[in-house]
Amino acid sequence: NAGVTQTPKFQVLKTGQSMTLQCAQDMNHNSMYWYRQDPGMGLRLIYYSASEGTTDKGEVPNGYNVSRLNKREFSLRLESAAPSQTSVYFCASRRASRGQPQHFGDGTRLSIL
Amino acid sequence: ELKVEQNPLFLSMQEGKNYTIYCNYSTTSDRLYWYRQDPGKSLESLFVLLSNGAVKQEGRLMASLDTKARLSTLHITAAVHDLSATYFCAVDRDDKIIFGKGTRLHILP
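Model, not experiment: these values are computed from the prediction. (Residues numbered from 1 in each chain as written. Chains lettered and ligands numbered in written order. Predicted model: local features only at pLDDT ≥ 70, side-chain atom pairs only at ≥ 80, totals over all residues. Heavy atoms only, no water.)

Draft legend 1. The overall build of chain B, seen in detail. Looking only at helices and strands, one finds zero helices and 11 strands in chain B. Reading chain B from its N terminus to its C terminus gives the helix and strand order β-β-β-β-β-β-β-β-β-β-β. For 109 residues, the compact-globule estimate of 2.2 N^0.38 gives 13 Å, and the C-alpha radius of gyration of chain B, at 13 Å, lies within 12% of that figure. Seen through its principal axes, chain B has C-alpha atoms that stretch 40 × 30 × 20 Å. Relative to its 109 residues, chain B shows a buried fraction of 47%. When the accessible surface of chain B is totalled, it reaches about 5,400 Å², and 47% of it is carbon and sulfur. A gap of 4 Å separates the mean positions of the 13 positive and 12 negative side-chain charges of chain B. (Helix = DSSP H or I, 4+ residues; strand = E, 2+ residues; numbered from the N terminus. Rg over C-alpha atoms; globule rule 2.2 N^0.38 Å. Buried < 20%, exposed > 50% of the residue type's maximum accessible area, 1.4 Å probe, protein only. Areas by Shrake-Rupley, 256 points an atom, 1.4 Å probe, with all protein chains shown as cover. Lys, Arg positive; Asp, Glu negative; His and termini not counted. Charge placed at Lys NZ, Arg CZ, Asp CG, Glu CD.)

Draft legend 2. Main features of the pairing of strand S7 (residues 64-68) of chain A. Residues and elements named next belong to chain A. Going residue by residue along S7, you find Tyr64, Val66 and Arg68 tucked away on one face and Asn65 and Ser67 left uncovered on the opposite face. Of the strand pairs in this sheet, S7 and strand S8 (residues 74-78) are connected by five bridges, and their pairing is antiparallel. Within S8, the position partnered with Tyr64 by the bridge is Leu78. In this structure, the hairpin formed by S7 and S8 is closed by a connection of five residues. (Pairing = 2+ DSSP bridges.)

Draft legend 3. Expanded view of the pattern of salt bridges. With the rule as written, the count across this model stands at eight salt bridges over all chains. Close ionic contact of Arg77(A) with Glu79(A) constitutes a salt bridge, the shortest N to O distance being 3.1 Å. Residue classification places Arg77(A) among the partly exposed positions, given a relative accessible area of 28%. Residues Arg94(A) and Asp95(B) are paired through a salt bridge, measuring 2.8 Å at the closest nitrogen-oxygen approach. Of the two residues, Arg94(A) is situated in strand S9 (residues 87-94) and Asp95(B) in the loop between strand S9 (85-93) and strand S10 (96-99); the pairing between them involves two chains. Overlapping salt bridges bring together Arg94(A), Arg31(B), Asp92(B) and Asp95(B) as one network. (Salt bridge = Lys/Arg side-chain N within 4 Å of Asp/Glu carboxyl O.)

Draft legend 4. A look at the interface of chain A and chain B. With 25 residues of chain A in contact, the opposing surface of chain B contributes 22 residues. Buried area between chain A and chain B, both sides added, is near 1,900 Å², and the carbon and sulfur share of it is 52%. Looking only at chain A, the three residues that lose the most surface to chain B are Leu43(A), Arg98(A) and Phe104(A), adding up to 26% of its buried area. The interface formed by chain A and chain B contains two salt bridges. Where chain A touches chain B, the interface holds eight residue pairs in polar contact (both at pLDDT 80 or more). When contributions to the side of chain A that touches chain B are tallied by element, the ones reaching two or more residues are strand S4 (31-38), strand S5 (42-49) and S9 of chain A. Broken down by class, the residue content of the side of chain A that touches chain B amounts to 10 nonpolar, nine polar and six charged. (Contact = heavy atoms within 4.5 Å. Buried area = accessible area lost by both parts, 1.4 Å probe. Polar contact = N/O pair within 3.5 Å; in protein donor to acceptor, adjacent residues only side chain to side chain. Nonpolar A, V, L, I, M, F, W, Y, C, P; charged D, E, K, R; others polar.)

Draft legend 5. The state of the cysteines, seen in detail. Applying the stated criterion across every chain yields a total of two disulfides over all chains. Here Cys23(A) connects covalently by a disulfide to Cys91(A), the sulfurs 1.9 Å from one another. Between Cys23(A) and Cys91(A), the S-S torsion sits near -75 degrees, and that sign places the bridge as left-handed. Remark: Cys91(A) occurs in strand S9 and Cys23(A) occurs in strand S3 (residues 19-25); sequence separation between them is 68 residues. At a sulfur-sulfur separation of 2.0 Å, the disulfide partner of Cys23(B) is Cys89(B). Across the S-S bond of Cys23(B) and Cys89(B) the torsion is about 80 degrees, and the bridge reads as right-handed. Placement of the pair is Cys23(B) in strand S3 (residues 19-25) and Cys89(B) in strand S9, with a sequence separation of 66 residues. In this structure Cys23(B) comes out as buried when scored by relative accessible area, which is 0%. (Disulfide = S-S within 2.5 Å.)

Next up, the structure:
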């Protein structure tokens, strides 16, 4: 039982390059989330998808796009990477029922030079 | 706009002592979560609090929720070194889940 799988685990990009972070869950969860974690800033919500076919902006959506490809997969795209986007990115999912906790992937460490 | 504040952000304490972490939030919600994160690892769920007055306990940790005060607490009783980690609270409003900045807890032997 894999849970939430994020790929890649590590990536180094140059400024201006584009990249897609992949996230897949095998728990039949309805809701999926992308967060970034920076030292001293906690986790900040980038985008979320409450159900298949919907996406909404979080706290820090600028510079990112998302695609809810199907119920299992939720991808995060950086169109033109900037050094300020250097971070650890976490994907999470949860059931749609009220009050369910999120299940997190292992994270993607992204460095932009 | 939903804001979540935790304090303290860093706590160093002796084994055997008690302490409380506070989580305040800015808008109405009755769904609050606590998570633990070890260095370099992902987050794991500790507690789910779903109503005013809810209290959950697991070992030396106890969490409570006061929705009228928009306040949750995570109380640590007789701390042990294994509880050293970063603890996050998160508030759920219509599927939008916002985290506090976390409390880094360091327990000295």
